[in-house]
Amino acid sequence: MYYLYLKFFKIVLIMVQNVCVLIPSHICYENQITLLKKTINSLKIQTKQVDILLSISFENEEYRKDFDIDKDDSVFTFISECRRYQMDHLFQLLHLTDNYDLVFFCDDDDTFEPERVEMISILYSNCLENKIRNKTPGTLGGFIEIIDIEPQDAPEYWCYAITPTLLKEFFHRFEQNFDLLNYDYGDMYFRNFLRLVNGFTYCSYRFEKPLYHHLIHENSICAKKLYNTERYIRNVIILMTICMYNIEQILDKIKVFNITEEQLKDFVPELNKIKDFILVLYDKIPKTK
């Protein structure tokens, strides 16, 4: 079925040439390196060549040694001496994206279907050609693979393939607030930014079967969210603030813990800083507190 799509969409005058995929990874549990190798292998067998850029850090020296044994020299790898969060890993790779037409993303335990990069490159090229021909306003910022939710509902960041310009704009807005990205769900800033930034449009498509496979398991962040109560509460408060929920909704979400509005800052001392910053990060929201 995918090849029928390819045959149909390949009649384009403009074609995306250079593409890369960024992989952020912090190795912190057994068998994670095995999953990472599966991720990388799924990218190496793409029907369109894609450069693989990996930023990685390690919970301990043993994991670091295991990785050194299995390291793939065909993948550009930035190794950190300290722990980094997801968005920080992407930032470490930002300077390498200048010469690419599209930047893809992949979590370190997920996989691509072999045709994903080629399919999205062709569809994006069609959109770009149509935009130029029809002189439609705005800059085409990339492509969204529609998997489980619609674009207005903030798709996962790995559903996107975007231009380097758009990725740089995201990190540019964090120049004075980079500490706010060091957080378990820092990707929520990215997801909402992509949805609410001015001046950029996207083309999108829902394939008959997803071309991106997201793995949820007992060691994933989503699966471990209730293991540490204090961390869970902090994560909920920050996540819902990033997503612009009001105080009443946040308190309702964590009401089982009997937390008052005054106690929210005990868990998130930087709460007001986050509330102020999202007014800078997001464009398509009222600029009132």
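Residues numbered from 1 in each chain as written. Predicted model: local features only at pLDDT ≥ 70, side-chain atom pairs only at ≥ 80, totals over all residues. Heavy atoms only, no water.

Asker: Before we go on, may I ask you to explain the packing of helix 8 (residues 229–242) against helix 11 (residues 271–281) in this structure?
Answerer: Each packed pair of helices is defined by two parameters, the angle between the axes and the distance between the axes. At a minimum axis distance of 9 Å, the contact between helix 8 and helix 11 shows a crossing angle of 20°. The orientation of helix 8 with respect to helix 11, classified from their angle, is roughly parallel. Considering only the axes of helix 8 and helix 11, their crossing is right-handed. On helix 11, the residues touching Ile237, Ile238, Thr241 and Ile242 of helix 8 are Leu271, Ile274, Lys275 and Ile278. Tallied by class, residues from the contact of helix 8 with helix 11 come to six nonpolar, one polar and one charged. (Axes fitted to C-alpha atoms, helices over the stretch in contact; angles between N-to-C directions. Helix = DSSP H or I, 4+ residues; strand = E, 2+ residues; numbered from the N terminus. Parallel < 35°, antiparallel > 145°, perpendicular 65-115°, else oblique. Left-handed = near helix turned anticlockwise from the far one by under 90°. Contact = heavy atoms within 4.5 Å. Nonpolar A, V, L, I, M, F, W, Y, C, P; charged D, E, K, R; others polar.)

Asker: Sorry, what's going on with the pairing of strand 6 (residues 139–145) here?
Answerer: Along a regular strand, successive side chains alternate from one face of the sheet to the other. The buried fraction of strand 6 is high, at six of seven residues. Note that strand 6 and strand 8 (residues 200–205) share six bridges and pair parallel. Residue pairing in the sheet places threonine 139 in a bridge with phenylalanine 200 of strand 8. (Buried < 20%, exposed > 50% of the residue type's maximum accessible area, 1.4 Å probe, protein only. Pairing = 2+ DSSP bridges.)

Asker: For this particular structure, what's the right way to read helix 5 (residues 116–134)?
Answerer: In an α-helix there are 3.6 residues to a turn, and that puts residues three or four apart on one side. Taking 1.5 Å per residue, 19 residues should reach 27 Å; helix 5 reaches 27 Å between its end C-alpha atoms and fits that length. Looking one or two places after helix 5, you find lysine 135, whose phi comes out positive at around 55°. (Expected span 1.5 Å × (residues − 1).)

Asker: What exactly am I supposed to notice about a negative patch on the surface here?
Answerer: Together, Glu30, Glu61, Glu62 and Asp66 line one region of the surface with negative charge. Residue placement: glutamate 61 occurs in helix 3 (residues 61–70). Under the relative-accessibility criterion, glutamate 61 is labelled partly exposed at 48%. (Patch = residues over 30% accessible without salt bridge, like charges linked within 9 Å, V, L, I, M, F, W, Y side chains within 5 Å. Areas by Shrake-Rupley, 256 points an atom, 1.4 Å probe, with all protein chains shown as cover. Salt bridge = Lys/Arg side-chain N within 4 Å of Asp/Glu carboxyl O. Lys, Arg positive; Asp, Glu negative; His and termini not counted. Charge placed at Lys NZ, Arg CZ, Asp CG, Glu CD.)

Asker: Sorry, what's going on with the pattern of salt bridges here?
Answerer: Under the criterion given, the structure shown has 15 salt bridges. Between glutamate 169 and arginine 173 there is a salt bridge whose closest N-O contact spans 2.7 Å. When its relative accessible area of 24% is taken as the criterion, glutamate 169 is described as partly exposed. Judged by its relative accessible area of 17%, arginine 173 is buried.

Asker: Would you take a moment to explain the environment of threonine 163 for this structure?
Answerer: Checked against the element boundaries, threonine 163 lands in the loop between strand 7 (160–162) and helix 6 (164–172). Residue class for threonine 163 comes out buried when judged on its relative accessible area of 11%. Linking threonine 163 and aspartate 107, residues 56 residues apart in sequence, is a C-alpha distance of 19 Å.

Asker: Honestly, helix 3 in this entry has me stumped. Any pointers?
Answerer: When we look at burial in helix 3, the residues that qualify are Tyr63, Arg64 and Phe67. Projected down its long axis, helix 3 carries its buried residues within an arc of 100°, all on one side. The exposed set on the far side of helix 3, more than 90 degrees from its buried face, consists of Glu62 and Ile69. Where helix 3 is buried, its residues contact strand 1 (19–27), helix 2 (32–44), strand 2 (51–58) and strand 3 (76–79). Residue asparagine 60 occupies the N-cap position of helix 3, its side-chain oxygen lying 3.1 Å from the main-chain nitrogen of glutamate 62. (Arc of directions from axis to C-beta. Polar contact = N/O pair within 3.5 Å; in protein donor to acceptor, adjacent residues only side chain to side chain.)

Asker: Help me out: how do you make sense of the nonpolar core in this one?
Answerer: When a protein is soluble and globular, its nonpolar side chains tend to lie buried together. Ranked by internal contacts, the top residues of the largest apolar core, which has 90 residues, are Phe105, Phe170, Tyr189 and Phe190. The greatest single-element share of this core, amounting to seven residues, is contributed by helix 8. Residues in contact with phenylalanine 105, not counting those within four places in the same chain, are Val21, Leu22, Leu90, Phe112, Tyr157, Trp158, Tyr160, Ile162, Leu167, Phe190 and Tyr212. (Core = buried A, V, L, I, M, F, W, Y, C linked by side-chain atoms within 4.5 Å.)

Asker: In this structure, what is going on with the packing of aromatic side chains? I would like to understand it.
Answerer: For any pair of aromatic rings, the description rests on two quantities: the centre-to-centre distance and the angle between the ring planes. Under the definition given, this model contains 21 aromatic pairs. On the basis of an interplanar angle of 55° and a centroid distance of 5.3 Å, the ring pair of phenylalanine 91 and phenylalanine 171 is categorised as tilted. One end of the pair, phenylalanine 91, is in helix 4 (residues 86–93); the other, phenylalanine 171, is in helix 6, and 80 residues separate them in sequence. A relative accessible area of 3% places phenylalanine 171 in the buried class. An aromatic cluster of at least three residues, connected via ring pairs, comprises Phe91, Phe105, Tyr157, Phe170, Phe171, Phe174, Phe178, Tyr189, Phe190, Phe193 and Phe277. The ring of tyrosine 85 has arginine 83 sitting right over it, with the charged end atom 4.7 Å from the ring centre. Lying over the aromatic face of phenylalanine 112, arginine 116 brings its terminal NZ or CZ to 4.6 Å of the ring centre. (Phe/Tyr/Trp six-rings, centres within 6.5 Å; stacked < 30°, edge-to-face > 60°. Lys NZ or Arg CZ within 6 Å of the ring centre and 35° of its normal.)

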